[in-house]
Amino acid sequence: MPPLPLDAARMKLRALACCLLVASASACLAEAPRPGDPFAAADIRAVLRKTADWQLAHPRHESWGWPNAAFYAGLMAAYRATDEPRYLEAMTEVGEENLWRPGERYGHADDHAIAQTYLDLFEPGGDTRRVAPFRETVDRMMASPPLWTKKHQTIDYWWSDALFMSPPALAKLARVTGEEKYLDFMDRLWQECYELLYDEQQRLFHRDLRYRDDGKRIFWSRGNAWVLAGVARLVDELPEDRPSRGFYLRVFRALAERIASLQPEDGLWRSSLLAPPGSAPGETSGTAFFCYALAWGVNQGVLDLESFLPVIEKAWTALYRRVSEEGRLGWVQRPGVRPGRVRARDWEVYGTGAFLLAGSEVLKLRRP
């Protein structure tokens, strides 16, 4: 038999290495699963505390940046699930440290994300400093021309992650201030981003135009997870009679059904959604945001319990077992814009935030 060409040989070796990595990860998990019942309320609260405490003890990034904003979104959910006052204190300290200001880029969705926590910490009649800086930022954004143009389209949200970062903050601002103009603005930006990035054939979102136009049909797990989780968080803030509510729920159901259909048997979605399950290990940050959003959909009566409960159970069980004894969630893809490699030792603050959101929502499930 003639030897393989060099490129083919390299590809074969890489494929074998990936398979060995997946097998090794599975073997490690089989040897030392996390103790406890993933669906017992006491065990869920215990793992929420453990992961939250570990993350607070291991800070990373600027406190106002989007990675920490996603963590604090989860920490707020964990606070509500555990009634642990230390978590409320930690979030309030961040607000005070930042003078309740979002990031400096007034028109950039990533710099809006931390305002979600500021607004959650605001109480009617309370400290208006918690609202005013973000309100001023959005008013400036609304009065300015959009910041990005391509192919005669002029928008502010041009990447899928933006739909988690900014729309829930705008919806919370509208709720707190009673100003419907912030919802009108949010609806316009969201619709433009949807028309730009949603792929009708695949029923998935491209991460941004680079992946829509390159012909490779690559769909990133966390990119779609940002969208699905972001819709859940903004719908939570919408008035029941808001005309756009039906649009968001239709998008949510369609994306949820597609995501559920792509779940591998081990419960963890791969970083590249359309990649064969055996070609890479499962990735936890996208899985955790999916788990949160699907559980939210069931709890809100938006998704069918019988259809989606098995999907949620597989996802949460896999996530629960990937928390180390000290409370670190592993297998988190680092910051990026496309599918990438993951390893057991990889962690990130937004991965912990997604896990806290997921666990807090799973805790509410009414399982048969």
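Residues numbered from 1 in each chain as written. Predicted model: local features only at pLDDT ≥ 70, side-chain atom pairs only at ≥ 80, totals over all residues. Heavy atoms only, no water.

Draft legend 1. Examining the overall build of the chain more closely. Along its length, the chain carries 15 helices and four strands. Across the 368 residues that make up the chain, the buried fraction comes to 56%. Counting contacts in the chain only where the partners sit at least 6 residues apart, residues at least 24 apart contribute 70% of the total. (Helix = DSSP H or I, 4+ residues; strand = E, 2+ residues; numbered from the N terminus. Buried < 20%, exposed > 50% of the residue type's maximum accessible area, 1.4 Å probe, protein only. Contact = heavy atoms within 4.5 Å.)

Draft legend 2. Inspection of the nonpolar core at higher detail. Membership of the largest hydrophobic core comes to 118 residues, with the highest contact counts inside it found for Trp 190, Phe 205 and Trp 316. Apart from residues lying up to four places away in sequence, Phe 205 is in contact with Leu 163, Trp 190, Tyr 194, Leu 197, Tyr 198, Phe 219, Asn 224, Val 227, Val 251 and Leu 255. (Core = buried A, V, L, I, M, F, W, Y, C linked by side-chain atoms within 4.5 Å.)

Draft legend 3. Fine view of the packing of helix α2 (residues 41-57) against helix α3 (residues 66-82). Packing of α2 against α3 leaves a shortest axis separation of 10 Å and a crossing angle of 140°. Taken together, the axes of α2 and α3 are oblique relative to one another. Along this stretch, α2 crosses α3, giving a crossing that reads as left-handed. On α3, the residues that touch Arg 45, Leu 48, Arg 49, Ala 52, Gln 55 and Leu 56 of α2 are Phe 71, Leu 75, Ala 81 and Thr 82. (Axes fitted to C-alpha atoms, helices over the stretch in contact; angles between N-to-C directions. Parallel < 35°, antiparallel > 145°, perpendicular 65-115°, else oblique. Left-handed = near helix turned anticlockwise from the far one by under 90°.)

Draft legend 4. Inspection of the pattern of salt bridges at higher detail. Applying the stated criterion across every chain yields a total of 27 salt bridges. Arg 86 is paired through a salt bridge with Glu 84; the nearest N and O atoms lie 3.3 Å apart. Using a relative accessible area of 17% as the deciding quantity, one classes Glu 84 as buried. Look at the salt bridges and you will find they share partners, linking Asp 120, Lys 172, Arg 175 and Glu 237 into a network. (Salt bridge = Lys/Arg side-chain N within 4 Å of Asp/Glu carboxyl O.)

Draft legend 5. Up close: helix α9 (residues 181-197). Between its terminal C-alpha atoms α9 stretches 25 Å, which fits the 24 Å expected from 17 residues at 1.5 Å a residue. Burial of α9 is extensive: twelve of the 17 residues sit out of reach of the surface. Those residues of α9 lying buried are Tyr 182, Leu 183, Phe 185, Met 186, Asp 187, Leu 189, Trp 190, Glu 192, Cys 193, Tyr 194, Leu 196 and Leu 197. (Expected span 1.5 Å × (residues − 1).)

Draft legend 6. Local environment of the side chain of Glu 348. The topology assignment puts Glu 348 in the loop between α14 (305-320) and α15 (349-362). Among the polar contacts listed, one links the side chain of Glu 348 to the side chain of His 61, at a separation of 2.9 Å. With residues up to four places along the chain from it excluded, the contact list for Glu 348 reads Gln 55, Arg 60, His 61, Val 332, Arg 334 and Pro 335. (Polar contact = N/O pair within 3.5 Å; in protein donor to acceptor, adjacent residues only side chain to side chain.)

Draft legend 7. Representation of the environment of Pro 368 within the structure. For Pro 368, the location among the structural elements is in the segment after α15. A relative accessible area of 91% places Pro 368 in the exposed class.

Draft legend 8. Representation of α14 within the structure. Its 16 residues give α14 an end-to-end C-alpha distance of 21 Å, which sits within 8% of 22 Å, the value for a rise of 1.5 Å per residue. For α14, the elements touching its buried residues are α2, α12 (245-261), α13 (284-299) and α15. For α14, the N-terminal cap is Asp 304; the gap from its side-chain oxygen to the backbone nitrogen of Glu 306 is 3.4 Å.

Draft legend 9. Focus on the packing of aromatic side chains. Counting across every chain of the model gives 23 aromatic pairs. When the centroid spacing of 5.2 Å and the interplanar angle of 50° are considered together, the rings of Phe 71 and Tyr 72 count as tilted. Side by side, Phe 71 and Tyr 72 carry an identical accessibility label, which is buried. Feature note: the residues Trp 190, Tyr 194, Tyr 198, Phe 205, Phe 247 and Tyr 248 constitute an aromatic cluster, connected by ring pairs. The residue whose ring lies beneath Arg 60 is Trp 347, and the NZ or CZ to ring-centre distance is 3.7 Å. (Phe/Tyr/Trp six-rings, centres within 6.5 Å; stacked < 30°, edge-to-face > 60°. Lys NZ or Arg CZ within 6 Å of the ring centre and 35° of its normal.)

Draft legend 10. Spatial organisation of the side chain of Arg 242. Along the chain, the position of Arg 242 falls in the loop between α11 (221-235) and α12. For Arg 242, the side chain forms a polar contact with the main-chain oxygen of Leu 183, separated by 3.5 Å. Those residues in contact with Arg 242, other than ones at most four positions away along the chain, are Glu 180, Leu 183, Asp 184 and Asp 187.

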